[in-house]
Amino acid sequence: MSELLQMVIDSDERADLRQFIGLLYQQEKRYLLRSDILQIFSEYCASVGKEANFYNHSLLARLIYFTQEFIVENESLCLVIRPVVARQEVVRINREDLRVEPMTIQAYLDLCDQTAGRFRPQDGDVLELDFQPFYDFSPSIRDPKNIGRGVQFLNRYLSSKLFQDPGQWLQTLFQFLRLHRYNGTQLLINERIQTQQQLSTQLKRVLALVSSRRPDEPYANFRFDMQSLGFEPGWGNTAARVRESLELLDALIDSPDHEILESLISRIPMLFRVVLVSSHGWFGQEGVLGRPDTGGQVVYVLDQARSLEKQLQEDHALAGLETTPKVIILTRLIANNDGTRSNQRLEKVYGTDNAWILRVPFREFNPSVTQNWISRFEIWPYLESFALDSERELLAELGGRPDLIVGNYSDGNLVAFLLARRLKVTQCNIAHALEKSKYALSNLHWQELDEQYHFSLQYTADLIAMNAANFIISSTYQEIAGTPDSMGQYESYRHFTMPELYHVVSGIDLFNPKFNVVPPGVNENIYFPYTRTEERTPGDRERLEQLLFSLEDSEQVFGHLADPTKRPLFSMARLDRIKNLTGLAECFAKSPELQERANLILVAGKLRAEDSTDREEIAEINRLYEIVDRYQLAGKIRWLGVRLAKVDSGEIYRVVADRQGIFVQPALFEAFGLTILESMISGLPTFATRFGGPLEIIQDGVNGFLINPNAQEEMAASIVEFLSKCDANPDYWQQISSRGIQRVYSTYTWKIHTTRLLSLARIYGFWNYGSQENREDLLRYIEMLFYLLYKPGAQKLLERHALQVAIE
Ligand code: UDP
Ligand code: LCN
């Protein structure tokens, strides 16, 4: 039972609690979220004349700070308290006598349904989904701060297993080493070594052999000597490297240790063919940002593909192998391509030797739907057949099974699950952004929202894919487990109700070592510091300067600057509601100090509502014009409705940095935020939302600034303060600029990302191999959900699409 709540009840704040509860009963809403609760508490403190100290530091304030939800019942209140990250307690407190009793998750979910008017006890129980029993026997992290460091934990666990039962685990390791082949060539160990005991003996012999060689002697010189002892290519490219790898194996057999295990497994050449799934399409290398929903994911996957190929080439060269690793980005082919290459089956990824975009069409269930772009909210009926068709195409393109399948976003992760299950390949998931936490209470009200969003399918797909994945990479810690005051994106799948569909009593185990934080990087050929003038093209710079500050072309640009010498306050994003460019415009519009010091320059895809078919985008375009009019921003703002070529999107940040401008990312929530990395590496002091990933990227006041987009005055004040400091001390801009650059190079590069990702893929591949049978029961449960829950829902949606087409 909640200690904190009991402490409040037993303290002299009992009366305050009682009065506060009284206030909750006066609210119209019965389901109160944290933002509502904080607001009511602030009103309470003001109404009874409590000082700031009480509001900030009382026990009741702490309790309220940690309470995620209040549900008001007739006689009692239900509280969801989250005293530490990733842990929740649900309790019920009696309104009259303040008696507290714990509530089960089941009772809590029933109550949620009741509050939404969806509880029908006479109809019997609703389906309960519970994944916990499948995790009960797998290793589990204890301390919430270690969530997201799964692989470190797993290595320790595996090496302790090696200690406990060396016989079994060494046998697994031995068999694992014999598994690997490349294009028909056996790697690592051949049939001359038949048992684990023979391996130990031969290892001593081969070590003596390589120790007698010059350290830099190429492997080819002694390949056949090694072969006759039972060792094949893959241990290293020189005598020194081969020796190092074999010594790791020797040390592991003698005295298992988690670091040695990681180093050894990370060297094993087992990844040659990688598939990245980003199914919802419009995936291209040029003009890819013209549609809502694609943005950062496309940028991320393309950069990742390039970097993966490079890293695999380097790793294989070090392992002494001559290989041509292949990376395939699997996406859908869209016949009506709207001038892009989305209708082209195969496209080489620029700057690579063997990375490709493979486009597979959706089956023509309904050509007027499937030949066109389909929103991510409507895509569900087409994914299973897409996975089946893609399997065939992938096998043909790769000449065999892939070694790793990485899914992206809810749809791509579901396809990755289907493919990985059929092909028996390691599955990795990347969410990018989970919709469930973006749309507050979207699960509780799914029935009202389903017509538009189909969350019933999306959340089921999410549960399936995240539980099936061998490992999950997230860009931040908070994506998994949240912050002290906000729930993580994965955390929101732990327990929730989909009234009348199912109750999730345990949807995901955050403490499972499958979670790993591996942030992305930036393409360093495109985004680099503005000071590297030798790498910049003067023509591009001048052209973009003009575009940003002076070009008069109503097709592309809105607005004329009265004083173009003022500092540019720059932002670039799609015009989605959540990106909140209109909020930034409003903040600028309401601050004369800001207008005095800076011009607002926005790069935001489109200028005209009639050019868009997206409801949110149209609303945002209209709102932006309205703000410009209402606050008379003419002369102070420029709005570029352009789709920049890739190189231009890099140079544009640098041009703004040349003028000592700043970058502002005002999103209401940003899962990660690639533009933040791009602006920081370019040397632009960056102000970014404190809600989401930027909280982890930026160290506030050190290498950038965090802002609250809901508090526009405060946001304006913090920018004005920065600009004033820059005016008073010309070095200040420079300091923040260089620290931002440093931050990205030290922590957010694709090299760091891919090295980590590949090491994870190898370790989870090994783990998967060693514990395959243990996962079969989980996978069978997941399959059942797919066929009995997901598929019928997807079928219904398909019928709806057909009906819509018939009506139109
Ligand atoms: N971008 C762009 N032109 C635009 C808007 C965005 O090139 O007009 C790029 C931007 O440089 C970044 C990506 O789109 O690489 C957006 O990624 P982010 O993670 O910031 O947000 P998302 O769009 O994924 O929500
Ligand atoms: C999706 C988002 O919403 C962004 O925050 C991320 O940066 C992007 O994907 C890439 O992961």
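Because the structure is predicted, anything quoted here is derived from the model rather than measured.

1. Re the sheet that holds strand S16 (residues 496-498)
Part 1: Taken together, three strands build an open sheet; the order of strands is S6-S17-S16 and the sheet is mixed. Both outer strands of the open sheet, strand S6 (128-130) and S16, are each paired with one neighbouring strand and no more. Taking each pair of neighbouring strands and ignoring which way they run, the sheet shows an average axis angle of 20°.
Part 2: Pairing of S6 with strand S17 (residues 502-506) involves three bridges; the strand directions are parallel. By the bridge assignment for S17, aspartate 130 is matched with serine 506.
Part 3: Contacts from helix H6 (residues 105-115) reach S6, S16 and S17, with the element oriented near 145° to S17.

2. Thoughts on the site of ligand 1
Part 1: The immediate surroundings of ligand 1 are formed by 16 residues, with Gly296, Arg574, Lys579, Leu674 and Glu678 found nearest.
Part 2: One of the side-chain nitrogen or oxygen atoms of lysine 579 is found 2.7 Å away from an oxygen atom of ligand 1.
Part 3: Interatomic distance of 3.2 Å between a backbone N/O atom of threonine 675 and an oxygen atom of ligand 1.
Part 4: Here ligand 1, which alone exposes 540 Å², has 88% of that area covered by the protein.
Part 5: Contributing elements (two or more residues each) for the shell around ligand 1: helix H14 (295-318), helix H26 (646-658) and helix H27 (674-682).
Part 6: Class assignment for the residues of the shell around ligand 1 results in seven nonpolar, five polar and four charged.
Part 7: Composition of the shell around ligand 1 by domain shows at least three residues from each of domain 3 (273-521 + 772-807) and domain 4 (535-747).

3. Here's the deal with the pairing of strand S15 (residues 471-474)
Part 1: Every second residue of S15 is oriented toward a common face, with Phe471 and Ile473 on one face and Ile472 and Ser474 on the other, all of them buried.
Part 2: Inspection of the sheet shows strand S14 (residues 426-430) paired to S15 by three bridges, in the parallel sense. Bridging from a neighbouring strand, isoleucine 430 pairs with isoleucine 473 of S15.
Part 3: Relative to strand S18 (residues 515-517), S15 runs parallel, the two sharing three bridges. By the bridge assignment for S18, isoleucine 473 is matched with asparagine 516.

4. What to know about the site of ligand 2
Part 1: Close to ligand 2 lie Gly296, Tyr300, His432, Ala433, Glu670, Ala671, Phe672, Gly673 and Leu674, which account for all nearby residues.
Part 2: With respect to ligand 2, the side chain of histidine 432 contributes an N or O atom lying 2.6 Å from an oxygen atom.
Part 3: For ligand 2, an oxygen atom lies 3.4 Å from a polar atom in the backbone of alanine 671.
Part 4: In the complex, the protein chains occlude 87% of the 290 Å² of accessible area that ligand 2 would expose alone.
Part 5: In terms of residue class, the shell around ligand 2 is built from five nonpolar, three polar and one charged.
Part 6: Counting only domains with at least three residues in the shell around ligand 2, you end up with domain 3 (273-521 + 772-807) and domain 4 (535-747).

5. Quick look at the side chain of asparagine 768
Part 1: Topologically, asparagine 768 is positioned in helix H31 (residues 750-770).
Part 2: Within the structure, the side chain of asparagine 768 is placed 3.2 Å from the side chain of asparagine 470, a separation counted as a polar contact.
Part 3: If near-sequence neighbours (up to four positions away) are discounted, asparagine 768 is found in contact with Thr426, Asn470 and Arg775.

6. Considerations on the domain arrangement of the chain
Part 1: By the assigned domains, the chain splits into domain 1 (2-103), domain 2 (156-178 + 189-231 + 235-267), domain 3 (273-521 + 772-807) and domain 4 (535-747).
Part 2: Here the C-alpha centre of domain 4 lies 40 Å away from the C-alpha centre of domain 1.

7. With respect to the state of the cysteines
Part 1: In total, this model carries zero disulfides according to the counting rule given.
Part 2: With no disulfide partner, cysteine 726 has as its closest neighbouring cysteine sulfur the one in cysteine 587, 17 Å distant.
Part 3: Its relative accessible area of 3% is what places cysteine 726 among the buried residues.

8. Comments concerning the UniProt feature "domain: Glycosyl transferase family" (unreviewed entry) in the chain
Part 1: What UniProt calls "domain: Glycosyl transferase family" (unreviewed entry) maps, in this numbering, to residues 556-725.
Part 2: Between the end C-alpha atoms of residues 556-725 the distance is 34 Å, and the span holds 42% helix and 17% strand.

9. A short note on unusual backbone geometry
Part 1: At leucine 98, a residue that is not glycine, the phi angle is positive and equals roughly 55°.
Part 2: Note that leucine 98 resides in the loop between strand S4 (87-94) and strand S5 (100-102).
Part 3: A relative accessible area of 3% places leucine 98 in the buried class.

10. Quick notes on the packing of helix H2 (residues 14-25) against helix H3 (residues 34-47)
Between two packed helices, the angle of one axis relative to the other and the distance separating the axes together describe the packing.
Part 1: Contact geometry for H2 and H3: axes closest at 10 Å, N-to-C directions at 120°. In terms of their interaxial angle, H2 and H3 are classed as oblique. The element H2 and its partner H3 pack so that their crossing is right-handed. Packed against H2, whose contacting residues are Asp16, Gln19, Phe20, Leu23 and Leu24, the element H3 presents Ile37, Ile40, Phe41 and Tyr44 at the interface.
Part 2: Within the contact of H2 with H3, the residues separate by chemical class into seven nonpolar, one polar and one charged.

11. Some words on the UniProt feature "domain: Sucrose synthase N-terminal" (unreviewed entry) in the chain
Part 1: As recorded in UniProt, the sites labelled "domain: Sucrose synthase N-terminal" (unreviewed entry) are residues 11-111.
Part 2: Taken end to end, residues 11-111 has its terminal C-alpha atoms 29 Å apart, with 47% of it in helix and 29% in strand.

12. Thoughts on helix H5 (residues 59-66)
Part 1: Residues of H5 that are buried include every one of Leu60, Ala61, Leu63, Ile64 and Phe66, and no others.
Part 2: Contact partners of the buried residues in H5: helix H1 (3-10), H2, H3, helix H4 (52-57), strand S2 (67-72) and strand S3 (76-84).

13. A short note on the sheet that holds strand S23 (residues 662-665)
Part 1: Pairing is mixed across the open sheet formed by seven strands, whose spatial order is S19-S22-S21-S20-S23-S24-S25. The open sheet has two edge strands, strand S19 (557-558) and strand S25 (705-707), and neither has a second partner.
Part 2: Helix H22 (residues 538-549) rests against S19, strand S20 (567-572), strand S21 (598-603) and strand S22 (637-640) of the sheet, and its axis sits at about 120° to S22.

14. Looking at the pattern of salt bridges
Part 1: Overall, the coordinates contain 51 salt bridges when judged by the stated rule.
Part 2: With a shortest N-O distance of 3.1 Å, aspartate 97 and arginine 99 are connected by a salt bridge.
Part 3: The partner of arginine 118 in a salt bridge is glutamate 448, and the shortest N-O contact between them spans 3.2 Å. Here arginine 118, found in the loop between H6 and S6, pairs with glutamate 448, found in helix H19 (residues 446-453); they are 330 residues apart in sequence, far enough to count as distant.
Part 4: For arginine 118, a relative accessible area of 23% translates into the label partly exposed.
Part 5: Bridged by salt links that share partners, the residues Arg536, Arg541, Glu651, Arg654 and Asp658 form one connected network.

The rules behind the values
Residues numbered from 1 in each chain as written. Chains lettered and ligands numbered in written order. Predicted model: local features only at pLDDT ≥ 70, side-chain atom pairs only at ≥ 80, totals over all residues. Heavy atoms only, no water. Pairing = 2+ DSSP bridges. Helix = DSSP H or I, 4+ residues; strand = E, 2+ residues; numbered from the N terminus. Axes fitted to C-alpha atoms, helices over the stretch in contact; angles between N-to-C directions. Contact = heavy atoms within 4.5 Å. Near = heavy atom within 4 Å. Polar contact = N/O pair within 3.5 Å; in protein donor to acceptor, adjacent residues only side chain to side chain. Areas by Shrake-Rupley, 256 points an atom, 1.4 Å probe, with all protein chains shown as cover. Nonpolar A, V, L, I, M, F, W, Y, C, P; charged D, E, K, R; others polar. Domains from an automatic or database assignment. Buried < 20%, exposed > 50% of the residue type's maximum accessible area, 1.4 Å probe, protein only. Disulfide = S-S within 2.5 Å. UniProt positions renumbered as here; feature names shortened; annotations may be inferred. Parallel < 35°, antiparallel > 145°, perpendicular 65-115°, else oblique. Left-handed = near helix turned anticlockwise from the far one by under 90°. Salt bridge = Lys/Arg side-chain N within 4 Å of Asp/Glu carboxyl O.

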